[in-house]
Amino acid sequence: MNEKLVHQNAHLVLIEEKIAPFSFWNYIFLNKSIYQTKGIESDILLHELTHVKQKHTWDILFVELFLIVFWWNPILYLYKKSIQLNHEFLADREVLAHSQVPTYQQLLLQNATGNALYLTSSSTFSITKKRFLMMTHHTSVTARILRGLACLPLILVLIAGFSDWSLGQKTEKKIQKPVPVAIDAANQTVKYKISKIFFAKGEKNPIVIKGYAELTSVELEALKHPLMFTFERPTDEMLKIWTHPRCGIWINEKHVPYQTLKKYTSKDFSHYFVSRLAKNAQVGKRRYQIDLMTNDFFENVYKKKALENPLIVYTVGKGANQEQYRIELIKE
């Protein structure tokens, strides 16, 4: 009964209720007013399109059928939650193939902050927190080595059988960490909004406004380390490989013909990011997207944006007691 729009292989259903986007079968449900006024961010839409593309509804219905008969079995309920969580991990992985982790996390936070029901739902709170932890989770070096050795025979077979065109990522990279974004902490016209990223149902709004002198030592340390891209140059060999129809080239956030790279050397760039395009995003022979920033853009545009609106997140506690907070600068 609601307005429907066709988008790729899915149907967008615009409804009046204020809800976070969700999908069922090949339908994606969105708030009508937000879609028509602000639009839905491409990363959020790609997340839901992944659910549709990978047919996650089948998994949920399959478990529900078992629950009809074996409703008394608590393991099935845990299994259902694990499947739903895995669906979110899979959809997040698809998005992160085209986006940076800090950027995507900030987008999720913005959507969560604008929807009270999103944060007060206990199940959503738990799943979202695990999603954030998974995005930044890193297995220990020892565990990775042991797993790699155990899978080495299989890896060798797969490499031989499924060899693909190389983008040259194995070429040595020259990485230099940038100087942290400078924050004029002593400026008395700046206030700091401290908010808990995740809070449980029934918990009071944990937002606190502070002046610089009121900040704790942990918050002061967090101000020194805003999340941002690192200074990372490609090599000349990489640029040569990327000058190919299989690569979509974006320089300073603008799409340019791949032949344009012939005009540049590696010393002209300060940052690059390589991602493989999903099938529905591939055009012609294009299979990869290469994002580059020139030295001038990185220093005078990107860093300026990061300075004006830095993303500052810090963590306190460990394990089940771990909590994440966000600091936002408010200029009077």
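Residues numbered from 1 in each chain as written. Predicted model: local features only at pLDDT ≥ 70, side-chain atom pairs only at ≥ 80, totals over all residues. Heavy atoms only, no water.

Side note on helix H11 (residues 295-308)
Think of an α-helix as turning once every 3.6 residues; residues three or four places apart then point the same way.
In step 1: Taking 1.5 Å per residue as the helical rise, H11 with its 14 residues ought to reach 20 Å, and the 19 Å between its terminal C-alpha atoms agrees with that figure.
In step 2: Tyr302 marks the point of greatest bend in H11, at about 25°.
In step 3: Within H11 the residues assigned to the buried category are Phe297, Phe298, Tyr302, Lys303 and Ala306.
In step 4: Turning to H11, the residues buried within the fold contact strand E8 (231-233), strand E11 (269-276) and strand E12 (288-294). (Helix = DSSP H or I, 4+ residues; strand = E, 2+ residues; numbered from the N terminus. Expected span 1.5 Å × (residues − 1). Bend = angle between axes of the 7 residues up to and from the residue. Buried < 20%, exposed > 50% of the residue type's maximum accessible area, 1.4 Å probe, protein only. Contact = heavy atoms within 4.5 Å.)

What to know about helix H2 (residues 42-53)
In step 1: Compared with the 16 Å implied by 1.5 Å per residue over 12 residues, the 16 Å span of H2 between its first and last C-alpha is a close match.
In step 2: Of all 12 residues in H2, 10 are buried; the element is thus mostly enclosed.
In step 3: Listed in full, the buried residues belonging to H2 are Asp43, Ile44, Leu45, Leu46, His47, Glu48, Leu49, Thr50, His51 and Val52.
In step 4: Following H2 by one or two positions, Lys55 has its phi on the positive side, about 55°.

Structural notes on unusual backbone geometry
In step 1: Although it is not a glycine, Gln8 sits at a positive phi angle of roughly 55°.
In step 2: Mapped onto the elements of the fold, Gln8 is located in the loop between strand E1 (3-7) and strand E2 (10-15).
In step 3: The class for Gln8 is partly exposed, based on a relative accessible area of 43%.
In step 4: Even without being a glycine, Trp25 presents a positive backbone phi close to 55°.
In step 5: Summarising the element assignment, Trp25 is placed in the loop between strand E3 (22-24) and strand E4 (27-31).

Considering empty space enclosed by the protein
Left-over empty space is what a probe sized like a water molecule reveals as it rolls over the atoms.
In step 1: Under the definition given, this model contains two cavities of 30 Å³ or more.
In step 2: Volume-wise, the largest cavity comes out at about 40 Å³.
In step 3: The wall of the largest cavity is formed by Leu46, Leu49, Thr50, Lys53, Glu94, Ala278 and Asn280.
In step 4: With four residues, the top contributor of residues to the lining of the largest cavity is H2.
In step 5: By residue class, the composition of the lining of the largest cavity is three nonpolar, two polar and two charged. (1 Å grid on protein atoms, 1.4 Å probe; cavity = no way out; pocket = protein on both sides within 12 Å on 5 of 7 lines; lining within 4 Å. Points joined across faces, edges and corners; volume = space filled by probe spheres on them. Nonpolar A, V, L, I, M, F, W, Y, C, P; charged D, E, K, R; others polar.)

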